[in-house]
Amino acid sequence: MNVKPNNFEVIYLTEKKEIKKFINFPYHHYRGSRYWVAPLLMEQKKLVDTEKNPFFRNAEIALFLLKRDGVIVGRIAAIIDHRYNDFHNTRTGFFGFYECEDHQESSDRLFHAVETWLKEKGMEKVLGPSKPGMMDEIGILVEGFDRYPAVLMPYNEPYYDKLIVNSGYHAEMDLLNYLVTQDNVDRERANRAFDIVKRRLPGIKIRKIRLKDIHEEVKIVREIYNSAWRDNWGFIPLSDEEFSALAEDLKTIVDDDFAHIAEIDGKPVGFSIAFPDINQILKKMNGRLLPFGIFTLLWNRKRINKIRTALMGIVPEYQGRGIDVLLHREAIENGLKKGVNSSEVGWIVESNVNMLRVAEKIGGVLDKRYRMYGKILD
């Protein structure tokens with residue numbers, strides 16, 4: 001039996017019409033998938049827009065599409081984050097936006113394009129996936145395929161791990177998501193922790209983020225974040241410009257019942273930001289806000305019954321004193337009053353033992369596991 005050889009073509013994208021195909025590919029690739037949630041197209045365009053996304057003030061990107069026998073079957077990006085390399089004193093590039101058919105040679109050719117581009121730029125290692133930076137969607141889902149992803153979390157086909165490993169990559173770090181529900185939350189334990197922390201730190205106060213002063217509040221969050229996360233895996237200090245962009249995004253989705261700052265005698269020492277899980281609505285919109293998606297979003301917003309705690313940080317001198325439990329408790333208690341019956345906490349780096357313990361203390365159950373991969377470039 002004669003088997004027709006495959007005709008592969010890797011396309012390095014420079015034309016806007018080709019980049020549009022890059023952005024649109026997942027919407028075709030996941031057609032028929034039960035659990036993939038189509039992200040807003042307008043947001044996906046911003047992610048790869050080197051003029052509008054502040055990430056690219058200090059980064060480079062190359063976009064690739066793969067055709068097999070004339071049909072688009074995959075995409076990938078090669079990324080260099082210069083701040084990451086400066087901070088970690090390394091020559092590391094990233095792969096991102098990885099989507100591929102279940103075909104090993106297709107995956108190999110995508111990674112070959114990334115690795116060739118990165119080596120030409122002097123990189124010695126590849127990490128990924130990131131989309132495009134470490135503060136965006138990162139990781140490949142490896143556990144939890146039978147559940148919808150929370151807002152700003154990825155979803156992918158179960159075979160992705162196999163393709164990536166067979167393309168020469170190893171597991172670099174796992175990222176864990178915990179689920180806290182009204183059935184498993186340990187409210188009694190959280191209340192006891194509240195009393196203990198109040199006795200130990202009588203000047204502590206948990207207040208809501210002031211949305212009307214969001215830009216000033218984000219400056220506080222940035223300072224705490226850059227201090228609290230400094231020693232965590234994958235950290236890079238974020239710029240004023242990136243946090244300003246974050247502030248603009250937060251204004252549209254954040255609810256101050258789920259966004260708090262911890263103060264001791266008026267000095268900010270911690271923060272927590274949880275988002276209403278708008279994926280519960282986006283899954284009905286096919287990635288389009290216009291012409292009618294905006295009405296779906298507004299009409300159904302009050303029906304959201306889940307949040308995702310996406311950002312949290314405690315300044316180093318106050319870590320390990322239970323302030324993080326108080327922040328979680330505040331969001332959970334406020335959520336129960338509003339009909340929110342579950343909270344997804346994460347991602348949490350598997351090496352961050354303290355945060356994993358906090359998630360477990362409040363009753364969290366491991367719900368999803370994501371993986372970052374690495375490879376040394378020969």
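Residues numbered from 1 in each chain as written. Predicted model: local features only at pLDDT ≥ 70, side-chain atom pairs only at ≥ 80, totals over all residues. Heavy atoms only, no water.

Colleague: I'd like to hear about the overall build of the chain, residue by residue, with values.
Modeller: When helices and strands are counted, the chain shows 12 helices and 15 strands. In terms of overall size, the chain behaves like a compact globule, its C-alpha atoms giving a radius of gyration of 21 Å where 378 residues would be expected to give roughly 21 Å. Counting only C-alpha atoms, the chain reaches 75 × 45 × 40 Å along its principal axes. Going through the 378 residues of the chain one by one, you find that 56% of them count as buried. (Helix = DSSP H or I, 4+ residues; strand = E, 2+ residues; numbered from the N terminus. Rg over C-alpha atoms; globule rule 2.2 N^0.38 Å. Buried < 20%, exposed > 50% of the residue type's maximum accessible area, 1.4 Å probe, protein only.)

Colleague: Tell me about the pattern of salt bridges, and please be specific about residues and values.
Modeller: Side chains carrying opposite charge are able to pair once their charged atoms draw close together. Summed over all chains, the structure comprises 27 salt bridges. Between Glu60 and Lys121 there is a salt bridge, with the nearest N and O atoms lying 3.0 Å from each other. Remark: Lys121 occurs in the loop between helix 4 (104-120) and strand 5 (125-128) and Glu60 occurs in strand 2 (residues 59-68); sequence separation between them is 61 residues. In this structure Glu60 comes out as partly exposed when scored by relative accessible area, which is 26%. Judged by its relative accessible area of 41%, Lys121 is partly exposed. For Glu101, the salt bridge identified is with Arg68, shortest N-O distance 2.7 Å. Remark: Arg68 occurs in strand 2 and Glu101 occurs in the loop between strand 4 (92-100) and helix 4; sequence separation between them is 33 residues. (Salt bridge = Lys/Arg side-chain N within 4 Å of Asp/Glu carboxyl O.)

Colleague: Please provide a residue-by-residue account of the environment of Ala150, values included.
Modeller: Along the polypeptide, Ala150 turns up in the loop between strand 8 (140-143) and helix 5 (160-166). For the pair Ala150 and Ala310, spaced 160 residues apart in sequence, the C-alpha to C-alpha distance is 9.9 Å. Excluding anything up to four places from it in sequence, Ala150 contacts Asp277, Asn279, Lys306, Arg308 and Glu344. (Contact = heavy atoms within 4.5 Å.)

Colleague: Lay out helix 11 (residues 323-337) with the relevant residues and their values.
Modeller: The end-to-end C-alpha distance of helix 11, which contains 15 residues, comes to 22 Å, matching closely the 21 Å that a straight helix rising 1.5 Å per residue would cover. A large share of helix 11 lies buried, amounting to 12 of its 15 residues. Trailing helix 11 by a residue or two, Gly339 shows a phi angle of about 85°, which is positive. (Expected span 1.5 Å × (residues − 1).)

Colleague: Describe in detail the side chain of Lys375, supporting the description with residues and values.
Modeller: Tracing the backbone through its elements, the reader meets Lys375 in strand 15 (residues 365-376). Residue Lys375 is classed as buried on the basis of its relative accessible area, which comes to 19%. A distance of 3.1 Å separates the side chain of Lys375 from the backbone oxygen of Ser167, its partner in a polar contact. (Polar contact = N/O pair within 3.5 Å; in protein donor to acceptor, adjacent residues only side chain to side chain.)

Colleague: How would you sum up the packing of aromatic side chains? Please name residues and give values.
Modeller: Across all of its chains, the model carries 19 aromatic pairs by this definition. Ring plane angle 75° and centroid distance 5.2 Å describe the contact between Tyr98 and Tyr160, whose orientation is recorded as edge-to-face. Taken together, the residues span a long stretch of sequence, with Tyr98 in strand 4 and Tyr160 in helix 5 at a distance of 62 residues. Look at Tyr98 and you get buried, because its relative accessible area is 4%. (Phe/Tyr/Trp six-rings, centres within 6.5 Å; stacked < 30°, edge-to-face > 60°.)

Colleague: How would you explain the pairing of strand 5 if you had to name every residue and give the values?
Modeller: The alternating pattern of strand 5 places Lys125 and Leu127 on one face and Val126 and Gly128 on the opposite face, and all of these are buried. Across three bridges, the pairing between strand 4 and strand 5 is parallel. Opposite Gly93, over in strand 5, you have Val126 as the bridge partner. With respect to chirality, the unit in which strand 4 leads through helix 4 into the neighbouring parallel strand 5 is right-handed. (Pairing = 2+ DSSP bridges. Right-handed = clockwise from strand over helix to strand, strands pointing away.)

Colleague: Give me the side chain of Lys125: which residues, what numbers.
Modeller: With respect to the helices and strands, Lys125 occurs in strand 5. Engagement of the side chain of Lys125 in a polar contact is seen with the side chain of Glu172, the distance being 2.9 Å. Setting aside anything within four residues of it in sequence, one finds Lys125 in contact with Arg91, Thr92, Gly93, Glu172, Lys375, Ile376 and Leu377.

Colleague: Describe unusual backbone geometry, naming the residues involved and giving the relevant values.
Modeller: At the junction of Gly128 and Pro129, the peptide bond is cis and its omega measures out at 5° in the coordinates. By the element assignment, Pro129 lies in the loop between strand 5 and strand 6 (130-131). Here the bond from Lys131 into Pro132 is cis, since omega is -5°, no more than 30 degrees from zero. Note on placement: Pro132 falls in the loop between strand 6 and strand 7 (137-138).

Colleague: Describe the packing of helix 6 (residues 187-200) against helix 11, with residues and values.
Modeller: Across the interface, helix 6 lies against helix 11 with an axial gap of 10 Å and an inter-helix angle of 130°. Looking at the two axes, helix 6 sits oblique to helix 11. Relative to helix 11, the crossing made by helix 6 is left-handed. From helix 6, Arg187, Ala190, Asn191, Ala193, Phe194 and Val197 reach across to helix 11, where they touch Val325, Leu326, Arg329, Glu333 and Leu336. (Axes fitted to C-alpha atoms, helices over the stretch in contact; angles between N-to-C directions. Parallel < 35°, antiparallel > 145°, perpendicular 65-115°, else oblique. Left-handed = near helix turned anticlockwise from the far one by under 90°.)

Colleague: Describe the nonpolar core, with residues and values.
Modeller: Within the largest apolar cluster, 109 residues are counted, with the highest numbers of intra-cluster contacts made by Phe95, Tyr98, Leu118, Leu175, Ile273 and Ile323. Ile323 has contacts with Leu201, Ile204, Ala262, Ile264, Val269, Ile314 and Tyr318, leaving out every residue within four places of it along the chain. Membership of the second largest hydrophobic core comes to 13 residues, among which are Tyr178, Val180, Val345 and Ala359. (Core = buried A, V, L, I, M, F, W, Y, C linked by side-chain atoms within 4.5 Å.)

Colleague: Lay out helix 1 (residues 16-29) in plain terms, naming residues and giving numbers.
Modeller: Between its terminal C-alpha atoms helix 1 stretches 20 Å, which fits the 20 Å expected from 14 residues at 1.5 Å a residue. Bending of helix 1 peaks at approximately 35° at the position of Ile23, with proline Pro26 no more than four residues after it. (Bend = angle between axes of the 7 residues up to and from the residue.)

Colleague: Can you lay out the environment of Asn177 for me, pointing to particular residues and giving the numbers?
Modeller: Looking at the element boundaries, Asn177 is found in strand 9 (residues 170-181). Considering only alpha carbons, one finds Asn177 and Phe95, 82 residues apart in sequence, at a separation of 22 Å. Apart from residues no more than four positions distant in its own chain, Asn177 is found in contact with Met153, Glu344, Val345, Gly346, Trp347, Val365, Leu366, Asp367, Lys368 and Tyr370.

Treat this as a map of the structure, not an account of what it does.
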